[in-house]
There are 2 protein chains.
Amino acid sequence: MGSKEEAGKLEWRISVDNGTTERLVPESGPIERIFLWLKGLVMKVIVERLSKFMRKTWRIGADEPAKVVHCLKVGLALSLVSIFYYMRPLYDGVGGNAIWAIMTVVVVFESTVGATFSKCLNRVVATILAGSLGIAVHWVATQSGKAEIFVIGCSVFLFAFAATYSRFVPSFKARFDYGAIIFILTFSLVSVGGYRVDKLVDMAQQRLSTIAIGTSICIIITVFFCPIWAGTQLHRLVQRNFVKLADSLDGCVEEYFKKKDVLKNDNEDEETNMKLQGFKCVLNSKGTEESMANLARWEPAHGSFNFRHPWQQYVKIGAAMRRCAYCLENLSICMTYETEVPDQAKKHFGEACLKLSSASSKILRELADMMNNTRKSSKMDFLVFDMNSAVQELRETLKSVPVESNKPKEEVPNNQGDRTMSMSLHEVLPVATLVSLLIESAARIQTTVEAVDELSNLADFKQDSKKKTGDNKAKQPPLSS
Amino acid sequence: MGSKEEAGKLEWRISVDNGTTERLVPESGPIERIFLWLKGLVMKVIVERLSKFMRKTWRIGADEPAKVVHCLKVGLALSLVSIFYYMRPLYDGVGGNAIWAIMTVVVVFESTVGATFSKCLNRVVATILAGSLGIAVHWVATQSGKAEIFVIGCSVFLFAFAATYSRFVPSFKARFDYGAIIFILTFSLVSVGGYRVDKLVDMAQQRLSTIAIGTSICIIITVFFCPIWAGTQLHRLVQRNFVKLADSLDGCVEEYFKKKDVLKNDNEDEETNMKLQGFKCVLNSKGTEESMANLARWEPAHGSFNFRHPWQQYVKIGAAMRRCAYCLENLSICMTYETEVPDQAKKHFGEACLKLSSASSKILRELADMMNNTRKSSKMDFLVFDMNSAVQELRETLKSVPVESNKPKEEVPNNQGDRTMSMSLHEVLPVATLVSLLIESAARIQTTVEAVDELSNLADFKQDSKKKTGDNKAKQPPLSS
């Protein structure tokens, strides 16, 4: 990429040179040349850095157009709320407090509907709560005569302490963190501010109406102009992660058993590497999943999700997936193991391992499909059965290793039978680890299947149209023969 | 715990009953008894839930007193800033805009010094930048006559778009997220607000001075009253995580090889379980580490950390530790494996595995010690050498498995020699996986050691006082014999 770009720049410079040939003196002095060279260097560095930054910034928008849409929506919301300033009747209507409407829009407008809803609700409820409490404290303070400042000071201290402390309680913080801040803010403003403002109730009322204006503008724009739902994003994230896991699993095992078969070109190699590393996204997605699940529950029904869609189940699915990803992370041990594994060992296990990994990844892809169509799967039971029989087969293969040629159906030729015997554990260790991790990941995938099944029951996913039989689990599926 | 509590409550109820014996009628009717029973149940549920919540809340404070201190500081800062309201000269000095000082304190005051600094700086710089830009736009707008509203509207839209977009660039977001919000806010307020306010410059000046007051109060309180440094917290977090990893590693391997030796009591079991699960904290600490490293770089020199302490290196150490934790996570595979491992296999590997795990955990503890004393370690090279020879020994043990009794020094009695021969790979698979994971975790621990070494060089940790020789690496350490 770098060299391509440089070539492009060179070309550009040459064409510029061609255009200004008359100004160039071929026999310029050495100082001049050094100066020109330095200038070119500095320009190049600046242009390069700037263009790199611009490209990076551009790519963020190109990769996720939703982000650009969000920015446009912020601009729109602010322009709308500004109208309150420009129009005299509106401005007077809120007693010159239009500033609070602008502030509300800036602070409350978030990229997802859930986040905006959550902040709006937090802001409104906390303002009402703290406002009435502040007015009450102010009334008590004025009644207490000389102790007024003391009463106000103590109550501000106490409530600020309590609200700040509540922000450390995890279950509270997840939902009402912003509300706690607004509570402290409003309470201080009302109770302390009341010391100087005469018409306290008027002020509170005006502030509430400006906040109401700000929040309604936010909610209207966030819901009706290209809404970005936290729930949909969470759903897609989990679905994408299933595909990534499947790609990584397939890729790793294939890579291991076909290592020296073909030399790929660089481009293909990079793509394969991207796929192999896919599980890393799953490793790091805990925070995103949890915060999105928290935001999604504020959202009304949208798409195929009801209001009470079991978003917390996605967190459980995510945790189950992460356990699969831990297994995949450790598969890399086998890839980079220093001792060379004998080809015969690879041959012995290759088929069974590939069978298991493809059965496992099929399940992961089917799960992604389930999520994508929000339907129950009719063939999941078959696939799980397949995977379990692949596990059983792999176990059988394991049992047949050190005992001499008691399994003639294996592809190990007879003249190598003696060598199978002499394989030390040390030699087959990487393969043994791979096998063990594959078997474990199969067990963990099964837990994931159960988690997704639970989701499909909780959320009433529709039945698959290609429904076959209701009681696959009891019957022997035809694929197992 | 639950039964203890209930017993306590029962006792309490009995004593209450004793006090009010005269009111109790032994032969009360069945309805009355049901009513009493229901009342007791409801009270019990309410009291239990409330007391549970209170205990949980209390424990948060008891576990980390720093949090309580932070709450007290917020109360103090707010009480201090309220003085501007109570004192007439101060109040008039900022033209009745003292409200902005309160708002600044509420929004800017964070629990760590770094976070508070970062927010203060963001707020001040963004306000100045956006304020001057807003005044400029306002001036242009007034010059353009009839197009005034159009110019203001477009500029608000454009700048809001740009600032919101910049919040999606990760490197920018990590440091200037809050600044971007304040920029949009101030720019809108000044440019739009300028449409109605006559003395725009005066307003801007007053707002700046109130923000200056608010931020200075925050900074003074956060630095001089029991400061909570993000850097120190990050340092301690990494140190604690080393100990947790060491505990988990030790615990897992010991548990595996001594499974059926002793039956422990419940209490001890719970404690062991806590230790075994310690690595999970490491798995989930990525986000915390990154955000703390981002905050710590705003902090001035404190304790044994300079201003330019290499905080980003902690993120690298954390990543290296997490790779160790992935290995430990998969050690659980071996613990819960369904097939029973033959005792002789456990015996065969037990010694070497325990040796390696204790050598590894010694390194982790030494790393924790290095962090704790911020000194370089004189015995690290010895420990690493030890670990590597333990790895080598384990490899030798592996090589000796399927070949009949070619290692007479092992504790396997001769009459069991034949059975060693007949162990299938299937039987020893869990042990083999354990061995393989232990060897891998040793390699990953070495990467961690390198990362900590780099930190000790970058941060100029002092030399160990128990320094022995400068070139341990070249020499054969005495421990290896």
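What counts and what doesn't
Residues numbered from 1 in each chain as written. Chains lettered and ligands numbered in written order. Predicted model: local features only at pLDDT ≥ 70, side-chain atom pairs only at ≥ 80, totals over all residues. Heavy atoms only, no water. Helix = DSSP H or I, 4+ residues; strand = E, 2+ residues; numbered from the N terminus. Buried < 20%, exposed > 50% of the residue type's maximum accessible area, 1.4 Å probe, protein only. Contact = heavy atoms within 4.5 Å. Areas by Shrake-Rupley, 256 points an atom, 1.4 Å probe, with all protein chains shown as cover. Least-squares fit on C-alpha atoms with pLDDT ≥ 70 in both. Axes fitted to C-alpha atoms, helices over the stretch in contact; angles between N-to-C directions. Parallel < 35°, antiparallel > 145°, perpendicular 65-115°, else oblique. Left-handed = near helix turned anticlockwise from the far one by under 90°. Nonpolar A, V, L, I, M, F, W, Y, C, P; charged D, E, K, R; others polar. Polar contact = N/O pair within 3.5 Å; in protein donor to acceptor, adjacent residues only side chain to side chain. pLDDT = per-residue confidence, 0-100. Buried area = accessible area lost by both parts, 1.4 Å probe. Salt bridge = Lys/Arg side-chain N within 4 Å of Asp/Glu carboxyl O. Core = buried A, V, L, I, M, F, W, Y, C linked by side-chain atoms within 4.5 Å. Domains from an automatic or database assignment. 1 Å grid on protein atoms, 1.4 Å probe; cavity = no way out; pocket = protein on both sides within 12 Å on 5 of 7 lines; lining within 4 Å. Points joined across faces, edges and corners; volume = space filled by probe spheres on them. UniProt positions renumbered as here; feature names shortened; annotations may be inferred.

### A short note on the overall build of chain A
On a plain count of helices and strands, chain A comes out with 18 helices and zero strands. Across the 481 residues that make up chain A, the buried fraction comes to 48%. Partitioning the intrachain contacts of chain A with sequence separation of at least 6 by distance along the chain shows that 81% fall at a separation of at least 24. For chain A, the accessible surface area stands at approximately 24,900 Å², while carbon and sulfur atoms represent 60% of it.

### Details of the relation of the copies chain B and chain A
Take chain B, turn it by 180 degrees, move it 0.0 Å along the axis, and it overlays chain A with an RMSD of 0.2 Å. The relationship between the two copies is best expressed as a two-fold rotation axis. When C-alpha positions in chain B are compared against the rotation axis, the closest is assigned to Thr433 of chain B, at 2.6 Å. An overlap of 100% is found between the interface residues of chain B and their copies at the interface of chain A, pointing to a shared contact surface.

### Concerning the environment of Lys244 of chain A
All names here are of chain A. Along the chain, the position of Lys244 falls in helix α10 (residues 230-257). In this structure, the C-alpha to C-alpha distance between Lys244 and Cys281, residues 37 residues apart in sequence, is 8.1 Å. Lys244 has contacts with Lys275, Gly278 and Cys281, leaving out every residue within four places of it along the chain.

### Notes on the packing of helix α15 (residues 343-373) of chain B against helix α16 (residues 380-399) of chain B
Residue and element names in this part refer to chain B. In contact at an axis separation of 9 Å, α15 and α16 are set at 160 degrees when each is read in the N-to-C sense. Compared by their axis directions, α15 and α16 come out roughly antiparallel. As α15 runs across α16, the sense of the crossing is left-handed. Of the residues in the contact of α15 with α16, the class split is 16 nonpolar, three polar and four charged.

### Things to note about unusual backbone geometry
Although it is not a glycine, Thr374 of chain A sits at a positive phi angle of roughly 40 degrees. Note on placement: Thr374 of chain A falls in the loop between α15 (343-373) and α16 (380-399). The phi dihedral of Asp460 of chain B is positive, around 55 degrees, even though this residue is not glycine. Residue position: Asp460 of chain B is located in the segment after α18 (425-458). The exposure class of Asp460 of chain B is exposed, given its relative accessible area of 64%.

### Details of the side chain of Arg167 of chain B
Residue and element names in this part refer to chain B. By secondary structure assignment, the location of Arg167 is in the loop between α7 (148-166) and α8 (170-193). Reaching out from Arg167, the side chain makes a polar contact with the side chain of Asp177 at a distance of 2.8 Å. Apart from the residues lying within four places of it in its own chain, the contact partners of Arg167 are Lys173, Asp177, Ala180 and Ile181.

### A word on the confidence of the model for chain A
All names here are of chain A. Mean pLDDT over chain A: 79, with 80% of residues reaching 70 or higher. In the predicted structure, residues 403-421 sits below a pLDDT of 50 and forms 17 contacts with residues beyond four places in sequence or in another chain. For this predicted complex, the interface confidence score (ipTM) comes to 0.78, while the overall pTM stands at 0.79.

### Notes on the interface of chain B and chain A
Facing 82 residues of chain B, the contacting portion of chain A comprises 82 residues. Around 7,600 Å² of area is buried between chain B and chain A when both sides are counted, 72% of it from carbon and sulfur atoms. The tally of links between chain B and chain A comes to four salt bridges. Across the salt bridge formed by Arg323 of chain B and Glu329 of chain A, the nearest N and O atoms sit 3.6 Å from each other. On the surface where chain B and chain A come into contact, there are 12 residue pairs in polar contact (both at pLDDT 80 or more). With 13 residues, the single largest contributor to the side of chain B that touches chain A is helix α3 (residues 65-86) of chain B. Broken down by class, the residue content of the side of chain B that touches chain A amounts to 52 nonpolar, 18 polar and 12 charged.

### Quick word on the nonpolar core
Counting residues in hydrophobic clusters, the biggest one holds 143 residues, and the most contacted among them are Phe242 of chain A together with Phe242 of chain B. Discounting chain neighbours no more than four positions away, the residues touching Phe242 of chain A are Ile317, Met321, Leu364, Leu367, Ala368, Met371, Thr448 and Val452 of chain A. Among the nonpolar cores identified, the runner-up in size contains 76 residues, and Val108, Val156, Phe183 and Ile221 of chain A belong to it.

### Digging into the domain arrangement of chain A
Here chain A is described as being made up of domain 1 (34-63), domain 2 (65-224) and domain 3 (230-259 + 267-402 + 423-463). Each of domain 1 of chain A and domain 3 of chain A was reduced to a C-alpha centroid, and the two centroids are 41 Å apart.

### What about the pattern of salt bridges?
Summed over the entire model, instances satisfying the criterion amount to 30 salt bridges over all chains. Asp369 of chain A is paired through a salt bridge with Arg375 of chain A; the nearest N and O atoms lie 3.4 Å apart. Beyond isolated ion pairs, a larger network of salt bridges with shared partners links Arg323, Glu440 and Arg444 of chain A together with Glu329 of chain B.

### Quick notes on empty space enclosed by the protein
Using the criterion set out here, one finds five cavities of 30 Å³ or more in the structure. By volume, the second largest cavity amounts to about 60 Å³. Lining the second largest cavity are His70, Val74, Val106 and Phe109 of chain A together with Thr164, Arg167, Ile181 and Ile184 of chain B. Those elements that place two or more of their residues in the lining of the second largest cavity are α3 (65-86) of chain A together with α8 of chain B.

### Points about the UniProt feature "transmembrane region" (unreviewed entry) in chain A
Mapped onto the present numbering, the UniProt feature "transmembrane region" (unreviewed entry) falls at residues 98-117, 124-141, 147-166, 178-197 and 209-230 of chain A. Within the segment residues 147-166 of chain A, helix and strand shares are 95% and 0% respectively, and the terminal C-alpha atoms sit 28 Å apart.

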